[in-house]
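As a plain string of letters, each chain reads:
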Amino acid sequence: MYAANHWGGSLEIANENDHEDQNRRNKNMEDMDKASLYNTQSQYSGTLDETQQSWLLDPNDASRKKNKTRYVDLGCIVVKRKALKWTLIAVFVAFLVIGLPIIITKSLPKHKSRPPPPDQYAEALNKALLFFNAQKSGKLPKNNGIKWRGNSGLKDGSDATDVKGGLVGGYYDAGDNTKFNFPMSFAMTMLSWSVIEYEHKYKFVKEYDHARDLIKWGTDYLLRTFNSSSSKIDHIYGQVGGSQNGSATPDDHNCWQRPEDMDYKRPNQLITAGADLAGEMAAALASASIVFRNDIAYSKKLVKGAATVWTFARDSGKRSRYCRGNLFIEPYYNSTGYYDEYMWGGAWMYYATGNISYLSLATNEGIPRHAKALMDIPSQRVLSWDNKSPAAMLLLTRIRLFLNPGYPYESMLSSYHNATSLTMCSYLHQYQYFNWTKGGLIQLSRGQAQNLQYVVNAVFLASVYADYLDASDLPGWKCGSAFIPLDKLREFATSQMDYILGKNPMNMSYVVGYGKKYPTHVHHRGASIPDNNVRYSCKGGFQWLSSGKANPNIITGAMVGGPDRFDKYRDVRRNYSYTEPTLAGNAGLVAALVSLTATGGNGIDKNSIFTAIPPLYPTAPPPPPPWKP
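Reading guide: rules and limits
Residues numbered from 1 in each chain as written. Predicted model: local features only at pLDDT ≥ 70, side-chain atom pairs only at ≥ 80, totals over all residues. Heavy atoms only, no water. Phe/Tyr/Trp six-rings, centres within 6.5 Å; stacked < 30°, edge-to-face > 60°. Helix = DSSP H or I, 4+ residues; strand = E, 2+ residues; numbered from the N terminus. Buried < 20%, exposed > 50% of the residue type's maximum accessible area, 1.4 Å probe, protein only. pLDDT = per-residue confidence, 0-100. Contact = heavy atoms within 4.5 Å. UniProt positions renumbered as here; feature names shortened; annotations may be inferred. Disulfide = S-S within 2.5 Å. Expected span 1.5 Å × (residues − 1). Core = buried A, V, L, I, M, F, W, Y, C linked by side-chain atoms within 4.5 Å. Salt bridge = Lys/Arg side-chain N within 4 Å of Asp/Glu carboxyl O. Polar contact = N/O pair within 3.5 Å; in protein donor to acceptor, adjacent residues only side chain to side chain. Pairing = 2+ DSSP bridges. Axes fitted to C-alpha atoms, helices over the stretch in contact; angles between N-to-C directions. Parallel < 35°, antiparallel > 145°, perpendicular 65-115°, else oblique. Left-handed = near helix turned anticlockwise from the far one by under 90°.

Colleague: What exactly am I supposed to notice about the packing of aromatic side chains here?
Modeller: In this description, a pair of aromatic rings is defined by centroid distance and the angle of the planes. Taken as a whole and assessed by the stated rule, the structure comprises 29 aromatic pairs. Ring geometry for W310 against Y342: centres 6.0 Å apart, planes inclined by 65°, an arrangement best described as edge-to-face. Here Y342 lies in helix α12 (residues 339–353) and W310 lies in helix α11 (residues 296–314), a separation of 32 residues in the sequence. Each of the two residues, W310 as well as Y342, counts as buried. When the ring of Y350 is compared with that of Y351, the centres are 6.3 Å apart and the planes differ by 40°; the resulting orientation is tilted.

Colleague: Even after reading the chapter, I still don't get the confidence of the model for the protein chain, so can you show me in this structure?
Modeller: Predicted coordinates in regions of low pLDDT should not be interpreted in detail. On average, residues of the protein chain score 88 in pLDDT, and 85% of them are at 70 or above. Contacts from residues 1–48, a stretch scored under 50 in pLDDT, to residues over four places away or in other chains number 44 contacts. The low-confidence segment residues 51–66 (pLDDT under 50) makes 20 contacts with residues lying over four places distant or belonging to another chain.

Colleague: Any chance you could explain the UniProt feature "active site" (unreviewed entry) in the protein chain here in plain terms?
Modeller: According to UniProt, the feature "active site" (unreviewed entry) maps to H523, D571 and E580 in the numbering used here. Judged by maximum C-alpha separation, these annotated positions cover 58 residues in sequence but sit close together in space, the widest gap being only 10.1 Å. Topologically, H523 is positioned in the loop between α18 (486–500) and α19 (525–528). With a relative accessible area of 9%, H523 lands in the buried category. In contact with H523, not counting residues within four places along its chain, are G175, W256, L545, R573, R574, Y576, T579, E580 and P581. Structurally, the position occupied by E580 is in the loop between α21 (576–579) and α22 (583–596). Here E580 is in contact with A174, G175, D176, Q450, H523, M559, V560 and G561, once residues within four sequence places are set aside.

Colleague: Is there a simple way to think about the state of the cysteines in this case?
Modeller: Two cysteines whose sulfur atoms are joined by a covalent bond form what is called a disulfide. For the structure shown, the criterion picks out two disulfides. The disulfide partner of C255 is C538, and the S-S distance across this bridge is 2.0 Å. Negative torsions about the S-S bond denote left-handed disulfides, and the value of about -90° found for C255 with C538 makes this one left-handed. With C255 in the loop between β6 (236–240) and β7 (268–271) and C538 in the loop between α19 and α20 (542–546), the pair connects residues that are 283 residues apart, well separated along the chain. As far as the burial class goes, C255 and C538 line up, both buried. Bridging C425 to C479, the disulfide has an S-S length of 1.9 Å.

Colleague: Please clarify how α11 should be interpreted in this entry.
Modeller: Since the α-helix advances by 3.6 residues per turn, residues separated by three or four positions end up pointing in the same direction. Taking 1.5 Å of rise per residue, the 19 residues of α11 would be expected to cover 27 Å, and the 27 Å separating its terminal C-alpha atoms lies within 8% of that figure. Every buried residue belonging to α11 is among Y298, S299, L302, G305, A306, T308, V309, W310, F312 and A313, and all of these are buried. Buried-residue contacts for α11 involve α9 (208–224), β6, β7, α10 (275–291), α12 and α13 (356–362).

Colleague: Just checking my understanding: could you explain the environment of I236 for this structure?
Modeller: Tracing the chain through its elements places I236 in strand β6. Separated by 11 residues in the primary sequence, I236 and T225 place their C-alpha atoms 5.9 Å from one another. If sequence neighbours within four positions are ignored, I236 has contacts with N181, T225, F226, Q269, L270, I271, L277, A278, M281, V309 and F312.

Colleague: Can you walk me through the nonpolar core in this structure?
Modeller: Of all hydrophobic cores here, the largest spans 162 residues; its most connected members are W193, W348, Y427, W477 and M497. Among the elements that make up this core, the one with the highest residue count is helix α17 (residues 452–471) (14 residues). The contact partners of W348, leaving out residues within four places of it in the chain, are T189, W193, I196, A283, A286, S287, I290, L395 and I609.

Colleague: Would you take a moment to explain the pattern of salt bridges for this structure?
Modeller: Any two side chains of opposite charge can pair, on the condition that their charged atoms come close. Within this structure, the stated rule accounts for 17 salt bridges. Between R258 and E260 there is a salt bridge whose closest N-O contact spans 3.5 Å. The exposure class assigned to E260 is buried, which follows from its relative accessible area of 17%. Taking the shortest distance from any N to any O, the salt bridge between E341 and K388 comes out at 2.7 Å. Taken as a pair, E341 in helix α12 and K388 in the loop between α14 (366–371) and α15 (389–402) lie far apart in primary sequence, 47 residues in all. We note that E341, like K388, is buried. In the salt-bridge network here, residues are joined through shared partners; they are R149, R258, E260, D261, D531 and R535.

Colleague: Please explain the side chain of S287 as it appears in this structure.
Modeller: By the element assignment, S287 lies in helix α10. Among the polar contacts listed, one links the side chain of S287 to the backbone oxygen of A283, at a separation of 2.8 Å. Engagement of the side chain of S287 in a polar contact is seen with the backbone oxygen of A284, the distance being 3.1 Å. In contact with S287, not counting residues within four places along its chain, are T189, S192, I196 and W348.

Colleague: Help me out: how do you make sense of the sheet that holds β7 in this one?
Modeller: Within a sheet, neighbouring strands are paired by backbone hydrogen bonds and run either parallel or antiparallel to one another. Pairing is antiparallel in the open sheet, where three strands are placed in the order β5-β6-β7. Strand pairing shows two members of the sheet lacking a second neighbour, β5 (179–180) and β7, which therefore form its edges. Where β6 lies against β7, four bridges are found, and the strand directions are antiparallel. Looking across to β7, one finds that Y237 is bridged to L270.

Colleague: I tried to follow the packing of helix α16 (residues 410–426) against α17 on my own but got confused; where do I start?
Modeller: Between two packed helices, the angle of one axis relative to the other and the distance separating the axes together describe the packing. Where α16 contacts α17, the axes come no closer than 11 Å and their chain directions differ by 120°. Of the possible angle classes, the one that applies to α16 and α17 is oblique. Crossing geometry of α16 relative to α17 is assigned as left-handed. Every residue of α17 that contacts α16 at H417, T420, S421 and M424 is listed here: L461, A462 and Y465.

As structure tokens, this is what we get:
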């Protein structure tokens, strides 16, 4: 007979007695389902041999019932009942273990996590910025925060009738009461550069508005020192106050008085030629315009002022050193040239305006040649208020790394990049390019006094360059044939800053107010004279210069001149080479600290500095419309 096969096809079983019945059953085979067919087959199981019985199992066999697999029809799929059971159990367990805790967590009230505690660099940064509050001249805001300071210099520039509002405001340079435009402009440029690169860090440590206020205090004053509403000028007021060596006339050096008590004449220095001063002022105003890019009116005012002094700087009849022959300036802030300011100012003017002519000038091969920027000499590796070449070349390298402008700028930008790499190599102890103290401090001043102001500038450059390379996905750079990873550069930067903050043979911090031990006899008129409602005369105040007592007023955040080449420091007020802070030095300190702190994240703000720069290449045309038959 023929029986239907559960697994398809037919199954033939021969039995001659059943042929007739089988023929009858075959007529109805198409109307029978598999279950009825299976029961029909079971009626004849007794006549089947063992092989045949192994194919046609009897559903009533008790031994088969235990092993029967049961299925559940879910409509779209048939699954084993046992598998379905364990699947449901697994889902339930997963809900209890994973889902329920998530639901509970989501339903609980949300609490903001506490921000990470500030690191030592952020703490020092908070203090370093306060130094600028202590150096303010003019009518102070109520929130200035320095209790022992008051209004001062309110008659500055009263005889300068060609400038609106006189020359009130700005900053005193150091421990004296002189306002020098040249280092003040450099200080504002450094502060602005640090804010542009590390705006996110300033905001996280809640110093962003403070830093901007300090920059504006400086740039507002710089705008007063020339006719900023004009497009062309023939002079700049480059200094207020000061003194001449050997003079007995009461002045900022022959008198020891608080700024609030000054009663002597403060002369103005009129500058009719000085490409270096004007170039640095242009850099300060241009960089600040980027900081204040969200204040459109003020930013435009800064750009206009920058363009005016830049025109002065580029005037062929005014291309000389601003200090030449001026006995009020030359002994103190003597500029050695102005071509480095052409590179530096040109770079900032390009960033501020996007005008390609500024980049063309900054990459003109004659400019670095006259500045000696590419020469392999130690002095060209040291950034200072006088020499901007290392910073200018790094700033222009930034353009190469991120914008890649190509021809005709690539050749000179590549040279700047190579020179910058060599400068970074010179900072590494292993190459012994500079001398180092036994305590681990690099000697960028070649053994001379007040070395720390140059060290903090090098720290900033090294830290920024490491961040530039990191943002470009470059793990390091080459010093000759040796590959140097970025960690080595960062180790240099942190080791020098740690030395300044207390990890040195003297076990003292050279930043006032930071750490347990720091200078207490700072060479500073306002800090050394008690704020006791007594007005000390020009000569009467010298008793406080000679006093062996600690300063009655703590000038928080001031970085002093620092130790000598033997790691020794003398905390003596009269010895200004050890104990006097400066505006330019503290600007480098602030920039270095914000670059190093990890509080608020790492890395630079890659794009904000390029806001004013249009695309260097024509934009691709839009795709053609889709073809229609």
